[in-house]
Amino acid sequence: MFATVRLRALTDTLGVDDPQYRQESTFTAAQWRRRLREHAQFAAMLDGRPVGLIGAQQESAENVYLYSLWLDPAARGHGLARTLVEAALEWARGRHARVVTLRVAVDNTVARGVYESLGFTPVGEGVNARDEVSMSLSVR
Ligand SMILES: CC(C)(COP(=O)(O)OP(=O)(O)OC[C@H]1O[C@@H](n2cnc3c(N)ncnc32)[C@H](O)[C@@H]1OP(=O)(O)O)[C@@H](O)C(=O)NCCC(=O)NCCS
């Protein structure tokens, strides 16, 4: 189930020609299991169907990094993104993390609004080479 929804998210956001999609679309079952062992993944369910995802990676004892927040276009606009991020924040607290960080495209106002509504603030001034800003939230 995770592989299917993850590949759907990559297709929707990056397209099938993107290197990330090309790489993950060839993953074996063992590689998917490894991903699930290394990172926590949270799914949003609607009528028993997975319609969204977010990944969380413990980078150090104190830091958790969130990535790849995605909602199926048909499931957007109902607050599910916030619910997904909140689940990942809860997980980070349970792991005794101190700070949760993420990166978001400068022009992604919807995603930035979701993060800001949960208290995330931009880190530093600049954007990286991929036009993304870093945001962080203290969870202790
Ligand atoms: C970003 C994303 C996860 C948000 O999901 P969502 O479930 O629609 O989010 P929400 O329903 O919580 O909406 C968040 C807010 O944005 C508003 N919003 C939603 N779509 C909008 C749009 N097209 N234009 C303006 N505002 C919009 C909502 O009304 C809501 O505002 P509110 O909290 O004041 O009510 C979703 O749009 C998505 O998957 N986008 C593609 C992938 C992506 O960009 N991921 C983020 C990577 S960092």
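Look up a bit, the structure's there.
Please read all numbers here as calculations on a predicted model, not as lab measurements.

A look at the overall build of the protein chain
Counting its regular elements, the protein chain contains five helices and six strands. Reading the protein chain from its N terminus to its C terminus gives the helix and strand order α-α-α-β-β-β-α-β-α-β-β. The C-alpha atoms of the protein chain give a radius of gyration of 15 Å, which matches the 14 Å a tight globule of 140 residues would have. By its C-alpha atoms, the protein chain is 35 × 35 × 30 Å across when sized along the principal axes.

A short note on the nonpolar core
By size, the foremost hydrophobic cluster in this structure holds 30 residues, and its most contacted members are L66, V85, V100, Y115 and F120. Contributing elements (two or more residues each) for this core: β1 (40–46), β2 (49–58), β3 (63–71), α4 (80–94), β4 (99–105), α5 (109–117) and β6 (132–138). Ranked by residue count, the leading element in this core is α4, at seven residues. In contact with Y115, not counting residues within four places along its chain, are L69, V85, L102, V104, F120 and M135. Counting ten residues, the second-largest nonpolar core is a separate cluster that includes V5, Y21, F27 and W32.

A look at the packing of aromatic side chains
Summed over the entire model, instances satisfying the criterion amount to five aromatic pairs. On the numbers, 5.6 Å between centres and 90 degrees between planes, the contact of F2 with W32 is edge-to-face. You can see F2 sitting in helix α1 (residues 2–13) and its partner W32 sitting in helix α3 (residues 29–38), a full 30 residues away along the chain. Centroid distance Y115 to F120: 5.8 Å. Interplanar angle 65 degrees. Geometry classified as edge-to-face. Look at Y115 and you get buried, because its relative accessible area is 7%. An aromatic cluster of at least three residues, connected via ring pairs, comprises F2, F27 and W32.

Section: the pattern of salt bridges
Any two side chains of opposite charge can pair, on the condition that their charged atoms come close. Applying the stated criterion across every chain yields a total of nine salt bridges. One salt bridge in this structure joins R35 and E24, with 3.1 Å as the shortest N-O distance. Of this pair, R35 sits in helix α3 while E24 sits in helix α2 (residues 19–24), and the two are eleven residues apart along the sequence. The buried category is assigned to E24, whose relative accessible area is 0%. Between E90 and R93 there is a salt bridge; the shortest N-O distance is 3.1 Å. One end of the pair, E90, and the other, R93, are both in helix α4, three residues apart, so they sit about a helical turn from each other.

Remarks on the site of the ligand
Surrounding the ligand, one finds 18 residues, the nearest of these being L69, L71, G77, G79 and N108. Between an oxygen atom of the ligand and a side-chain N or O atom of R76, the distance comes to 3.4 Å. Contact with the protein chains covers 60% of the free accessible surface of the ligand, which is 940 Å². Elements represented by at least two residues in the shell around the ligand include exactly β3, α4, β4 and α5. At four residues, α5 tops the list of elements feeding residues into the shell around the ligand.

Cut-offs and rules
- Residues numbered from 1 in each chain as written.
- Predicted model: local features only at pLDDT ≥ 70, side-chain atom pairs only at ≥ 80, totals over all residues.
- Heavy atoms only, no water.
- Helix = DSSP H or I, 4+ residues; strand = E, 2+ residues; numbered from the N terminus.
- Rg over C-alpha atoms; globule rule 2.2 N^0.38 Å.
- Core = buried A, V, L, I, M, F, W, Y, C linked by side-chain atoms within 4.5 Å.
- Buried < 20%, exposed > 50% of the residue type's maximum accessible area, 1.4 Å probe, protein only.
- Contact = heavy atoms within 4.5 Å.
- Phe/Tyr/Trp six-rings, centres within 6.5 Å; stacked < 30°, edge-to-face > 60°.
- Salt bridge = Lys/Arg side-chain N within 4 Å of Asp/Glu carboxyl O.
- Near = heavy atom within 4 Å.
- Polar contact = N/O pair within 3.5 Å; in protein donor to acceptor, adjacent residues only side chain to side chain.
- Areas by Shrake-Rupley, 256 points an atom, 1.4 Å probe, with all protein chains shown as cover.

It is worth stressing that arrangement in space is one thing and function is another; only the former is reported here.
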